[in-house]
Structure formats: C-alpha cells, structure tokens
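Each chain is listed here by its residues.
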Amino acid sequence: MNRIRDAIAGGSVVVLFPEGTSSDGSTVLPFKSALLESAVQLRCQIAAASIDYALEEGSVADEVCYWRDMTLVPHLLNLLFKREIRASYSFSPAKVRAGNRKEIARELRHEIVSIRS
C-alpha cells in the first residue's frame, strides 16, 4: 500500500488489477478494495477499464489467460506463436470517486461489468 501511495503522490499513473488474482476471463471477480485505499485517501481520479481478447483459433481461456496451475514458459511460448490475438479495451471517464473503498470497488466492478455487456 505504501508503494502505491508513494507512486500516486509522486504523480505516476498507477494501474491496478483489483480482482487480486487471474482467471479465465469469463467473468469479473469481486474486487479487493484494499488496493484502492491509497487512491481514495489521496482523492485522485479513478477510471475503470476492461480488456477483452479474441482468437481466430483456440481458446482465450486456455491460450491467452494465465491462470490455474499453468506453467509460465510453455504458456508464453504458445502465446508468442499465435498468429493473431485481438484485444479490445474500454475505459470509463476518470473521476474522483465518492465513498469508502468498498463502495468504490463495487462501483468500479459494476462499471466494468456494464462495459463488457
């Protein structure tokens, strides 16, 4: 938390993956609100963002996402040899959020679920 706070206070843009873990990407997991505490305390702008991947052949869950008990090097080698991986991304407007970190975490998750629908 101190490193996040120091980075924000120093003017850096901080990107967090507030699910706190990786998954197959089929759903948005609940957010770990503690990761947002520094941004809430410093009253900085927060935006929600979503990244979705697509493959012409194969499974995004098995060949793009890194989760379960996958081994890193074989996963990366397979990923690097994909002919094409399409990515689409969306952002909500950045704004100072009102409320405590738990409320803000729920709000951000809701925005991402809405973006993906």
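Scroll up to find the structure.
By convention here, each chain's residues receive numbers from 1 onward along its written sequence. Where local features are concerned, this predicted model is filtered to residues with pLDDT of at least 70; where side-chain atom pairs are given and counted, the filter is 80 or more; whole-chain, interface and lining totals use all residues. Heavy atoms throughout the structure, all of them, feed into the side-chain values; hydrogens and water do not.

Brief notes about the overall build of the protein
Applied cut-off: Each helix is a run of H or I in the DSSP string that is no shorter than four residues. Each strand is a run of E no shorter than two, and both are numbered from the N terminus. For every residue, the accessible area (1.4 Å probe, protein chains only) is compared with the maximum for its type, and the residue is labelled buried under 20%, exposed over 50%, or partly exposed between those bounds. What makes two residues a contact is simply this: any of their non-hydrogen atoms within 4.5 Å. The protein chains shown are the only cover counted for residues, whose accessible areas, like all others here, come from Shrake-Rupley with a 1.4 Å probe.
Counting its secondary structure elements, the protein contains 5 helices and 4 strands. The order of α-helices and β-strands along the protein, N terminus first, is α-α-β-β-α-α-β-β-α. Across the 117 residues of the protein, 25% fall into the buried class. For the protein, restricting intrachain contacts to residue pairs at least 6 apart in sequence, the fraction spanning at least 24 positions comes to 66%. On the protein, roughly 8,100 Å² of surface is accessible, and the fraction owed to carbon and sulfur atoms is 55%.

Some points on helix α5 (residues 101-116)
Stated precisely, the cut-off is as follows: For a helix, the expected span equals 1.5 Å multiplied by the number of residues minus one. It is the directions from the helix axis to the C-beta atoms whose arc is reported.
The terminal C-alpha atoms of α5 lie 22 Å apart, and with 16 residues this matches the ideal 22 Å at 1.5 Å per residue to within 8%. Regarding α5, the residues found buried are I104, A105, L108, E111 and I112. Viewed along the axis of α5, the buried residues span an arc of 125°, placing them on a single side of the element. Exposed residues pointing more than 90 degrees away from the buried face of α5 are listed as R106 and H110. Residues of α5 that are buried sit in contact with α2 (37-41), β1 (45-46) and β2 (49-55).

Quick notes on the packing of aromatic side chains
Put simply, the rule is: Stacked, tilted and edge-to-face are the three classes applied to pairs of Phe, Tyr and Trp rings, where Trp contributes its six-membered ring and a pair requires centres within 6.5 Å; stacked means planes under 30 degrees apart, edge-to-face means over 60, and tilted covers the rest. The criterion is that NZ of a Lys, or CZ of an Arg, lies within 6 Å of the ring centre and within 35 degrees of the ring normal, and then a charge sits over that ring.
Following the criterion strictly, the structure yields 1 aromatic pair and no others. Summarising the aromatic geometry, the rings of Y89 and F91 are spaced 5.9 Å apart at their centres and angled 70° between planes, so their arrangement reads as edge-to-face. Across this residue pair, the class does not change: Y89 and F91 are exposed. Of note, R68 hangs over the ring of W67, and the distance from its end group to the ring centre comes to 4.4 Å.

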